[in-house]
Amino acid sequence: MTSTRRSLLAAAALAALSIGPVAAAEGPPAPSNPYPSDFRADDALQFYSVESTSLLKRSMLAAGFSVDETVEVNESYLDFAGRALDAEKRRIEAIRDALKAQVAGDRTCAAEDGSCAAPEAAAEKTKDDRWDKTGEFARFQAPDLQPGQLDLLKWNDDGSIVQDYAARVGLPPQLVPTLKDYARKMGLLEIMENMLYDDPLPPDGAKWFSFQSPYQKQGEMRNFTWNVERPAKKWKSDMHWFNTADELSHEDALRALSKGGFDEVLKAIGEQFGLDTLHVDSIGFVSVTECERGFIHTDWEDVGGRAFNFLVGIESPDDAGPELVVENERQGRNAKGEVYYGSNAGILVGDGTRHGTRECNHRPYKGVRITASIYLADPTKQNLDILAGDTTSIFPPTGDGPGKAWIWTQKGRHWKKNGKGDGLVGDKGRKAFDFSGHEEKGCSVEDCENETDRGRNSCLETCKVFIDDVEYKPGKTRKEVFGY
C-alpha cells in the first residue's frame, strides 16, 4: 500500500470517529483509559476533521481526478471517500480481531464470573513448532554449512538422498545482505514488498520498470530495465516474478553477486557435480504473499545434470513456516518434504528436481516472502536447445535466434574446472557476439514492452536487449568497462 493510500485511509477512518460513539469491543476487559492524562480528544478530532478534508482532496488529485471534482462534493468524491473508509474499516477490524485473539491467548478467564488471570509463562515458539503436523510433509536434514559447503538434500529419518541434483549450499555471510541492499537502493525491494497488495498483476500479466543502479557513479547514470510477470492460474498463488530484462541490467546484477561472494557457491556446485564450466544465466526475485497450493514442477529436465536454479531467501515474515516443498518417489510412492531457505544456506534444484512453493498466507499481517532465483548453466551441444527454450524470464530471449547464440558466448565465463575460470570477481564478460540482422522494420518503443504482436525479441536493437560489442568490450574486466 502506498504512503498516500495509507494516509488517505487513515484520514477517512479517524474522521469517522466524529460521527458518534464507538461500541466497545467484545472480549477480555480493555484498559479503562488508554489515552494519556492530558489528551484532548475534542481538539484532536477537530484538527483531524480539517486536515482529513485537505488530505482527501490532495489524494484525489494524485489519483488523477480533476480540480473541479475535488472542489464540490459530487458522486466521484463520495465514491472515492466511501471506498477509502470501507477499506480502512476492514483493516482496523482485522487488527482488532488479531488483538482480541492475542489478549485471549495471554489470559485465562473463568466462565463463572468472567475474571481473567495471566497464565503461566509459555515456552518460546521456535521454528520447530511451525513444521507440518499432519504427516503430509516429511522433513529433510539441515546441517549447519560453512560458506561454499554443499550437502545433497537427504530425508531426515534415514539419511537417504532425495534427488541427485537437489542440495543445500552454504552462503557467504555477505551474500543476502548485499542482494537485499542492491534491491533496496535500486527501488526494487519496495515494489516487491508492496505491489502484491497495492497493484497486483492478473494471472499471465506483465509490467516493466526502469531503475538506476546503486553502483553507478554520478554523471554516468544509465537506466536498467526489469520485467515483472505473474504466472498462470494453475500456480494457485499471487506469486510475481521479477527479472532482469536486458543484457545491461543482467550485467549490473552480476556485480551484486560478485560483491556478495557468489564465486564460493559456483565453485561448490561445479566441483560437486563434476561440471566443466558454470555461468550465471539469469537473475531475478520471486515475491509471494499467499499460496493456496504449491504448483509442483521442474525447472530443468534432460540437461545432463548441467543446469540449476539456486534459491536464496531474501525476506520472510518472522512467523512464516517452511518455504519450499521438494517431491520425489520414495518406497514406491511420491513423498514430499518441506524445507526452510534459512539465512546461511540456499537451495539448489537441478535436473528433474520436482519442487514448489509451500502453502502460505502472509496477508493478514501484510507480510511478504521474497526469494532470489539465480539460474546457472554449463552449456553443451546436447543441452543448448533446452537451455535456450526456457521461458521463466524475459531475458535472454528464447528460441533458435540470438538468445541461443548469446548463451553459448557465456560458456566458461564464471567458473571452470581445475580453477581456470576468472570468477565473478575477475569477470571478463562473454565472448564476442553479433546480433545484427534480427531487427524487423518499423520497430518502436511499444514493441519493447511486448504491447504489439511483433514484440520485444523482434526489435533487439530498438529495445537495446543486447549490448553492442563496441560498448561491451569482450575480454576486458567488467570493472574496467563499467567502473565498478
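Residues numbered from 1 in each chain as written. Predicted model: local features only at pLDDT ≥ 70, side-chain atom pairs only at ≥ 80, totals over all residues. Heavy atoms only, no water.

**Observations regarding the overall build of the chain**
And step 1. Looking only at helices and strands, the chain features 13 helices and 18 strands.
And step 2. Put simply, the chain has 484 residues, and 45% of those count as buried.
And step 3. Partitioning the contacts of the chain with sequence separation of at least 6, the portion at a separation of at least 24 is 70%.
And step 4. Counting every atom, the chain has about 25000 Å² of accessible surface; 49% of that belongs to carbon and sulfur. (Helix = DSSP H or I, 4+ residues; strand = E, 2+ residues; numbered from the N terminus. Buried < 20%, exposed > 50% of the residue type's maximum accessible area, 1.4 Å probe, protein only. Contact = heavy atoms within 4.5 Å. Areas by Shrake-Rupley, 256 points an atom, 1.4 Å probe, with all protein chains shown as cover.)

**A few points about unusual backbone geometry**
And step 1. Across the junction of Phe395 and Pro396, the peptide omega takes the value 0°, indicating a cis bond.
And step 2. With respect to the helices and strands, the residue Pro396 is situated in the loop between helix 9 (384-388) and helix 10 (402-409).
And step 3. Positive phi values are uncommon outside glycine, yet Lys366 reaches one of about 60°.
And step 4. On the secondary structure map, Lys366 appears in the loop between strand 16 (360-361) and strand 17 (369-377).
And step 5. We note that Lys464 has phi near 50°; this positive angle belongs to a residue other than glycine.
And step 6. Here Lys464 shows up in the loop between helix 11 (445-448) and helix 12 (469-472).
And step 7. Given a relative accessible area of 62%, Lys464 falls into the exposed group.

**Topic: the sheet that holds strand 15 (residues 354-357)**
And step 1. Strand order in the open sheet formed by four strands is 3-13-12-15, with mixed pairing between adjacent strands. In this open sheet, the two strands that pair with only one neighbour each are strand 3 (138-139) and strand 15.
And step 2. Pairing between strand 12 (residues 324-330) and strand 15: four bridges, direction antiparallel. Across the sheet, Glu327 pairs through a bridge with Arg354, a residue of strand 15. (Pairing = 2+ DSSP bridges.)

**Focus on the nonpolar core**
And step 1. Ranked by internal contacts, the top residues of the largest apolar core, which has 56 residues, are Leu188, Leu257, Phe262, Ile269, Phe285, Phe310 and Leu376.
And step 2. Among the elements that take part in this core, helix 5 (residues 175-186) stands out by supplying six residues, more than any other.
And step 3. By size, the runner-up hydrophobic cluster in this structure holds 23 residues, among which are Ala377, Ile394, Phe433 and Leu460. (Core = buried A, V, L, I, M, F, W, Y, C linked by side-chain atoms within 4.5 Å.)

**Brief notes about the state of the cysteines**
And step 1. Taken as a whole and assessed by the stated rule, the structure comprises two disulfides.
And step 2. For Cys443, the disulfide goes to Cys459, at an S-S distance of 2.1 Å. Between Cys443 and Cys459, the S-S torsion sits near -80°, and that sign places the bridge as left-handed. With Cys443 in the loop between strand 18 (415-416) and helix 11 and Cys459 in the loop between helix 11 and helix 12, the pair connects residues that are 16 residues apart, well separated along the chain. With respect to class, Cys443 is no different from Cys459; both count as buried.
And step 3. Put simply, Cys448 and Cys463 are joined by a disulfide, and their sulfur atoms are 2.1 Å apart. A torsion of -95° about the S-S bond marks the disulfide between Cys448 and Cys463 as left-handed. Of this pair, Cys448 sits in helix 11 while Cys463 sits in the loop between helix 11 and helix 12, placing them 15 residues apart in sequence. (Disulfide = S-S within 2.5 Å.)

**Thoughts on the side chain of His297**
And step 1. With respect to the helices, strands and loops of the structure, His297 is situated in the loop between strand 10 (290-291) and strand 11 (307-315).
And step 2. Taking the relative accessible area as the measure of exposure, His297 reaches 15% and is therefore buried.
And step 3. At 2.8 Å, the side chain of His297 forms a polar contact with the backbone oxygen of Phe295.
And step 4. Only 3.3 Å separates the side chain of His297 from the side chain of Asp299, close enough to count as a polar contact.
And step 5. Those residues in contact with His297 that sit more than four places away from it in its chain are Trp235, Thr353, Arg354, His355 and Gly356. (Polar contact = N/O pair within 3.5 Å; in protein donor to acceptor, adjacent residues only side chain to side chain.)

**Considerations on the pairing of strand 14 (residues 345-349)**
And step 1. Of all five residues making up strand 14, five are buried, and the element is well covered by its neighbours.
And step 2. Every second residue of strand 14 is oriented toward a common face, with Ala345, Ile347 and Val349 on one face and Gly346 and Leu348 on the other, all of them buried.
And step 3. When strand 5 (residues 166-170) meets strand 14, the two strands line up antiparallel, connected through five bridges. Among the inter-strand pairings, Ala166 is bridged to a residue of strand 14, identified as Val349.
And step 4. Relative to strand 14, strand 11 runs antiparallel, the two sharing three bridges. Across the sheet, the residue bridging to Leu311 is Ile347, located in strand 14.

**A word on the pattern of salt bridges**
It is possible for side chains bearing opposite charge to pair when their charged atoms get close.
And step 1. By the definition in use, this model includes 25 salt bridges.
And step 2. Linking Asp181 and Arg184 is a salt bridge whose minimum nitrogen-to-oxygen distance equals 3.6 Å. Residue Asp181 and its partner Arg184 are located together in helix 5, separated by three residues, close to a single helical turn.
And step 3. The class for Asp181 is partly exposed, based on a relative accessible area of 29%.
And step 4. Judged by its relative accessible area of 45%, Arg184 is partly exposed.
And step 5. As a salt-bridge pair, Lys267 and Glu271 come within 3.2 Å of each other at their nearest N and O atoms. Residue Lys267 and its partner Glu271 are both found in helix 8 (residues 263-272); the two are separated by four residues, about one turn of the helix.
And step 6. The exposure class assigned to Lys267 is partly exposed, which follows from its relative accessible area of 43%.
And step 7. The structure contains a network of salt bridges with shared partners spanning Asp276, Arg306, Asp378, Lys411 and Lys417. (Salt bridge = Lys/Arg side-chain N within 4 Å of Asp/Glu carboxyl O.)

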